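# Coordinates in review
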2 protein chains.
Amino acid sequence: HTYSTFCRANNDAMKEPMFFGQNVNVARYDQQKYPFFEKLIEKQLSFFWRPEEVDLSTDRTEYSDLPANEQHIFISNLKYQTLLDSVQGRSPNVALLPLVSIPELETWIETWAFSETIHSRSYTHIIRNIVANPSLVFDDIVTNEEITKRAISVTEHYDELIALTNYMYANEIDLDKDDEFRKKIKTALYLTVVSVNVLEAIRFYVSFACSFSFAERSLMEGNAKVIKLIARDEALHLSGTQNMLNLMAEGKDDPELAEIARENKEAAINIFREAAEQEKQWAEYLFKDGSMIGLNASILKDYVEYITNVRLKALRFDPIFENRSNPLPWMNNWLVSDNVQVAPQESEISSYLVGQVDSKVGAEDFSDFDL
Amino acid sequence: HTYSTFCRANNDAMKEPMFFGQNVNVARYDQQKYPFFEKLIEKQLSFFWRPEEVDLSTDRTEYSDLPANEQHIFISNLKYQTLLDSVQGRSPNVALLPLVSIPELETWIETWAFSETIHSRSYTHIIRNIVANPSLVFDDIVTNEEITKRAISVTEHYDELIALTNYMYANEIDLDKDDEFRKKIKTALYLTVVSVNVLEAIRFYVSFACSFSFAERSLMEGNAKVIKLIARDEALHLSGTQNMLNLMAEGKDDPELAEIARENKEAAINIFREAAEQEKQWAEYLFKDGSMIGLNASILKDYVEYITNVRLKALRFDPIFENRSNPLPWMNNWLVSDNVQVAPQESEISSYLVGQVDSKVGAEDFSDFDL
Ligand SMILES: [Ca+2]
Ligand SMILES: [Ca+2]
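Scope of this entry: the structure provided in the associated data block. (Residues numbered from 1 in each chain as written. Chains lettered and ligands numbered in written order. Predicted model: local features only at pLDDT ≥ 70, side-chain atom pairs only at ≥ 80, totals over all residues. Heavy atoms only, no water.)

What follows deals with the overall build of chain A. Within chain A one finds 12 helices and 0 strands. Helices and strands in chain A line up, N terminus first, as α-α-α-α-α-α-α-α-α-α-α-α. In terms of overall dimensions, chain A is globule-like: its C-alpha atoms have a radius of gyration of 21 Å, near the 21 Å expected for 371 residues. Projected onto the principal axes, the alpha-carbon positions of chain A cover approximately 65 × 45 × 35 Å. Approximately 12,500 Å² of chain A is accessible, and the part contributed by carbon and sulfur atoms is 46%. Between the averaged position of the 36 positive side-chain charges in chain A and that of its 59 negative side-chain charges there is a distance of 1 Å. (Helix = DSSP H or I, 4+ residues; strand = E, 2+ residues; numbered from the N terminus. Rg over C-alpha atoms; globule rule 2.2 N^0.38 Å. Areas by Shrake-Rupley, 256 points an atom, 1.4 Å probe, with all protein chains shown as cover. Lys, Arg positive; Asp, Glu negative; His and termini not counted. Charge placed at Lys NZ, Arg CZ, Asp CG, Glu CD.)

Below, the discussion takes up the coordination of the calcium ion (ligand 2). Coordination angles at a metal have ideal targets, namely 109.5 degrees for four tetrahedral donors and 90 or 180 degrees for six octahedral donors. Residue and element names in this part refer to chain B. On the protein side, the calcium ion (ligand 2) has Glu116 (OE), Glu116 (OE), Glu200 (OE), Glu234 (OE), Glu234 (OE) and His237 (ND1) as donor atoms, found 2.1 to 2.8 Å from it. Its 6 donor atoms give the calcium ion (ligand 2) angles of 51 to 159° at the centre, a pattern that matches the irregular case. Sequence positions of the residues that donate to the calcium ion (ligand 2) give the spacing E-x83-E-x33-E-x2-H. Residue glutamate 234 and its partner histidine 237 are located together in helix α8 (residues 221-250), separated by 3 residues, close to a single helical turn. Residue classification places glutamate 234 among the buried positions, given a relative accessible area of 0%. (Donors = N, O, S within 2.8 Å, 3.2 Å for Na, K, Ca; no water. Tetrahedral: all angles 85-135°; square planar, octahedral: opposite > 155°, others 65-115°. Buried < 20%, exposed > 50% of the residue type's maximum accessible area, 1.4 Å probe, protein only.)

All names here are of chain A. The calcium ion (ligand 1) binds to the protein through Glu116 (OE), Glu116 (OE), Glu200 (OE), Glu234 (OE), Glu234 (OE) and His237 (ND1); the donor distances cover 2.1 to 2.7 Å. Summarised as a motif, the one-chain spacing of the donors to the calcium ion (ligand 1) is E-x83-E-x33-E-x2-H. Of the two residues, glutamate 200 sits in helix α7 (residues 179-216) while histidine 237 sits in helix α8 (residues 221-250), which places them 37 residues apart along the sequence.

Another point: the relation of the copies chain A and chain B. Mapping chain A onto chain B leaves a residual RMSD of 0.0 Å; the transformation is a rotation of 180° accompanied by 0.0 Å of translation along its axis. In symmetry terms, the pair is related by a two-fold rotation axis. No C-alpha of chain A approaches the rotation axis more nearly than that of asparagine 166 of chain A, which lies at 2.2 Å. The fraction of interface residues of chain A whose copies in chain B are also interface residues reaches 100%, indicating that both copies meet through the same surface. (Least-squares fit on C-alpha atoms with pLDDT ≥ 70 in both. Contact = heavy atoms within 4.5 Å.)

As a measure of interface size, the accessible area lost when the parts come together is often cited. Facing the 62 residues of chain A at the interface are 62 residues of chain B. Summed over both partners, the interface of chain A with chain B buries about 5,600 Å², with 58% contributed by carbon and sulfur atoms. Contact with chain B buries area across many residues of chain A, yet Thr5, Arg90 and Arg121 of chain A alone supply 14% of it, more than any other trio. Between glutamate 42 of chain A and arginine 121 of chain B there is a salt bridge; the shortest N-O distance is 3.9 Å. The tally of links between chain A and chain B comes to 24 residue pairs in polar contact (both at pLDDT 80 or more). (Buried area = accessible area lost by both parts, 1.4 Å probe. Salt bridge = Lys/Arg side-chain N within 4 Å of Asp/Glu carboxyl O. Polar contact = N/O pair within 3.5 Å; in protein donor to acceptor, adjacent residues only side chain to side chain.)

Counted according to the given criterion, the structure contains 12 cavities of 30 Å³ or more. Of the volumes computed, that of the largest cavity is approximately 160 Å³. Around the largest cavity, the lining comprises 16 residues; the ones closest to its centre are Pro98 and Asn166 of chain A together with Val94, Pro98 and Asn166 of chain B. Mapped by element, the contributors of at least two residues to the lining of the largest cavity are α3 (68-96) and α6 (145-170) of chain A together with α3 (68-96) and α6 (145-170) of chain B. Among the residues making up the lining of the largest cavity, the classes are represented as 10 nonpolar, 6 polar and no charged. (1 Å grid on protein atoms, 1.4 Å probe; cavity = no way out; pocket = protein on both sides within 12 Å on 5 of 7 lines; lining within 4 Å. Points joined across faces, edges and corners; volume = space filled by probe spheres on them. Nonpolar A, V, L, I, M, F, W, Y, C, P; charged D, E, K, R; others polar.)

The next point concerns the packing of aromatic side chains. Applying the stated rule across the entire model yields 30 aromatic pairs over all chains. For the ring pair tyrosine 34 of chain B and phenylalanine 37 of chain B, a centre distance of 6.3 Å and an interplane angle of 85° mean the geometry is edge-to-face. Taking relative accessible area as the criterion, tyrosine 34 of chain B reaches 5% and is therefore assigned buried. Members of the aromatic cluster, each reached through a chain of ring pairs, are Phe204, Tyr205, Phe208, Phe212 and Trp334 of chain A. Residue placement shows arginine 232 of chain A over the ring face of phenylalanine 47 of chain A; its charged tip is 4.2 Å from the ring centre. Its end group placed over the ring of tyrosine 205 of chain A, arginine 311 of chain A keeps NZ or CZ at 4.5 Å from the ring centre. (Phe/Tyr/Trp six-rings, centres within 6.5 Å; stacked < 30°, edge-to-face > 60°. Lys NZ or Arg CZ within 6 Å of the ring centre and 35° of its normal.)

Take helix α7 (residues 179-216) of chain B next. Residues separated by three or four positions in an α-helix point in the same direction, a consequence of the helix having 3.6 residues per turn. Residues and elements named next belong to chain B. Its 38 residues give α7 an end-to-end C-alpha distance of 54 Å, which sits within 8% of 56 Å, the value for a rise of 1.5 Å per residue. Along α7, the sharpest change in direction is near 30° and occurs at phenylalanine 204. Burial analysis of α7 places 33 of its 38 residues in the buried class, which makes it a mostly covered element. (Expected span 1.5 Å × (residues − 1). Bend = angle between axes of the 7 residues up to and from the residue.)

Of note, methionine 220 of chain A is a non-glycine position whose phi angle comes to about 55°, a positive value. Inspection of the secondary structure assignment puts methionine 220 of chain A in the loop between α7 and α8.

Now for the nonpolar core. In terms of nonpolar packing, the biggest core is built from 258 residues, with Phe19 and Tyr190 of chain A together with Phe19 and Tyr190 of chain B touching the most fellow members. Other than its neighbours up to four places away in sequence, phenylalanine 19 of chain A contacts Leu96, Leu99, Val100, Ser101, Leu105, Ile109, Leu189, Met244 and Met248 of chain A. (Core = buried A, V, L, I, M, F, W, Y, C linked by side-chain atoms within 4.5 Å.)

To continue, consider the packing of α7 of chain B against helix α10 (residues 265-286) of chain B. Residue and element names in this part refer to chain B. α10 packs onto α7 with a crossing angle of 25° between their chain directions and a minimal axis gap of 10 Å. Classified by the angle their axes make, α7 and α10 are roughly parallel. The way α7 lies across α10 gives a crossing that is right-handed. Here Tyr190, Leu191, Val194, Ser195, Asn197, Val198, Ile202, Arg203, Val206 and Cys210 of α7 lie close against α10, whose contacting residues are Ala267, Ala268, Ile271, Phe272, Ala275, Gln278, Glu279 and Leu286. Broken down by class, the residue content of the contact of α7 with α10 amounts to 13 nonpolar, 3 polar and 2 charged. (Axes fitted to C-alpha atoms, helices over the stretch in contact; angles between N-to-C directions. Parallel < 35°, antiparallel > 145°, perpendicular 65-115°, else oblique. Left-handed = near helix turned anticlockwise from the far one by under 90°.)

Turning to the side chain of serine 195 of chain B, a few remarks are in order. Tracing the chain through its elements places serine 195 of chain B in helix α7. Excluding its chain neighbours within four sequence positions, the residues that come into contact with serine 195 of chain B are Ser153, His157 and Ile271 of chain B.

Before going further, it helps to examine helix α9 (residues 255-263) of chain B. Buried within α9 of chain B are the following residues: Glu256, Leu257, Ala258, Ile260 and Ala261 of chain B. Sitting at the amino-terminal end of α9 of chain B is aspartate 254 of chain B, which places a side-chain oxygen 3.0 Å from the backbone nitrogen of glutamate 256 of chain B.

Further remarks concern the pattern of salt bridges. Evaluated as defined, the whole model comprises 50 salt bridges over all chains. Between arginine 121 of chain B and glutamate 38 of chain A there is a salt bridge; the shortest N-O distance is 2.7 Å. Of this pair, arginine 121 of chain B sits in helix α4 (residues 103-130) while glutamate 38 of chain A sits in helix α1 (residues 35-46), which puts the two residues in different chains. Take arginine 121 of chain B and glutamate 38 of chain A: they sit in the same class, and that class is buried. Among the salt bridges present, the one from arginine 150 of chain A reaches glutamate 146 of chain A, with a minimum N-O distance of 3.5 Å. Taken together, the residues arginine 150 of chain A and glutamate 146 of chain A, both in helix α6 and 4 residues apart, mark about one turn of the helix. Here the residues in one salt-bridge network are Asp179, Arg182, Lys186, Asp254 and Glu256 of chain A, joined through shared partners.

What follows is the structure, encoded as structure tokens:
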């Protein structure tokens, strides 16, 4: 297996698996093996926005008037969001582009990662507005222990997959002949996509709860407007990884990946469990100097459990926490769901975008899931 | 040298070179070592467009009414553009993201590659409109010998750089200690950026001449509107690679790259020379069944020489062809230059975007070039 930026071998991309087939040559969108990814691209393009469109003028004085414990919550949350989107702005491209083998998924990966760079640009826009010296905030992201220990778990699967990919191409490993390596790198891919789903579908949503809780009290509303746009994108991103994972688990795309998904079910669920645990610890850190009206460590931890269950169900896993209703029902006012829906009646997709936080997605909803 | 999607070592990105320093960790835009790249990002974002915005309805019948030799010119030109943007949509990300070490350049690379995916989407939009079976067109891109032999020269430098990068990370090569490898991979980077500059600043402009020549006769004007938007983006892209190359040659960013640029001057100029030769052969192929009003193989070849000289001068190389004025002066009507200019008076940039095709850029204009 060697890599070329334009494989000259003639192939039919409609017959390639999502990953590990022949690398994409012609970028074409007249036909798609999985029209779902083309729909995600179209949605993402229709969502295009720039941070500068959002007026942040009232946030500055509101931020300086916040009590110290709330400033800590607000700015720490932004630092964590900055870390997560720093990773997401590059990693889908670095880790997945060298492996992808169908054009609509390749372009979805690039469109997805590009939109993360817009998110990163937002944080600079927001931070520059509220603090005199943004460097103090940005520099802290790599020195603050609470942040950096989260950096490890959001990057370790990506980094392992990238290392295996470099090894594969550097040594021209023939995946058809090296069963052990093939299984190893496919497992790394599967767990990476799980870990990215957890990053976007759980970690980010916990951070959104913090952002929106200020705006629920009519504070930092410029910030909330930006985060609302980010959340609208995020609903697409998490649908992307959910659908990749479900396609893998189904086995029609690549039977071996279905086997890997089965064998690694516990490993996958553990990624969810550990992330939920970390997010709960993070809630303790955020609220260490006191809680705020409408949000405290305990409610945020309940939300972590609630959202983790929702995301597990979307992957047809059993919930790992006690069943509960959404402890932050006002979140639904901030999570735009109506325009995220991609017409589910279209014959070629029987799945649909399940981005909204309160979607009651149970196994039965996927009974005819057949992308 | 190992790779991580978020290097946890604290560093000051303002002191990193463009490439081969510590991989970027925090995506931040509050400070830039090279504000030029941040300005490119802002321009590119302000240029955002979608192919569906352009009405192509009159092109369909016009295309079917074209004589066979003109249909051949039109569709072959689109195939070549599709090849070039298929490569450009992925390769800046695949080849450069694993090596870049300053955030504004990293985000420029991603923004740049993303905009190429919009270009690729345009070709599907155009081709779907004019032919009943787009597959015949797209499939031909990997089987048509005239196209595929061009694919080799637009990918070979990218592919070599990617192979060396995979090797470097797979073997954890310490660039500080392995002088020979370091020089080898830096040379590959330099020649890759030269080759990308040639792709975007010469090959694409030759293809633009063909697209616009139809519209000069009031034919295929929908197509020309799309290509005009592509050309507007392209002016940014070529400025990006020109500025990277000039920064490398100056040596302030990385003294060793200046040495490499000097030692590889002939190799770099040969990339220009070979591409010009290929584009002239391509002109023969396009016009093999006859020329059209306003454009024939001979004029297009003159344009190849003219534009090659212009691009060489922008890199402070001597022209390799006879000096001539623009043989296709009407091109300037299609190449929007006014809004491409980035305020040159700003103190931190004394260079500026030199995207417009007719810019009279001589060595003297770069006397105070000091990014
Ligand atoms: Ca995301
Ligand atoms: Ca380009």
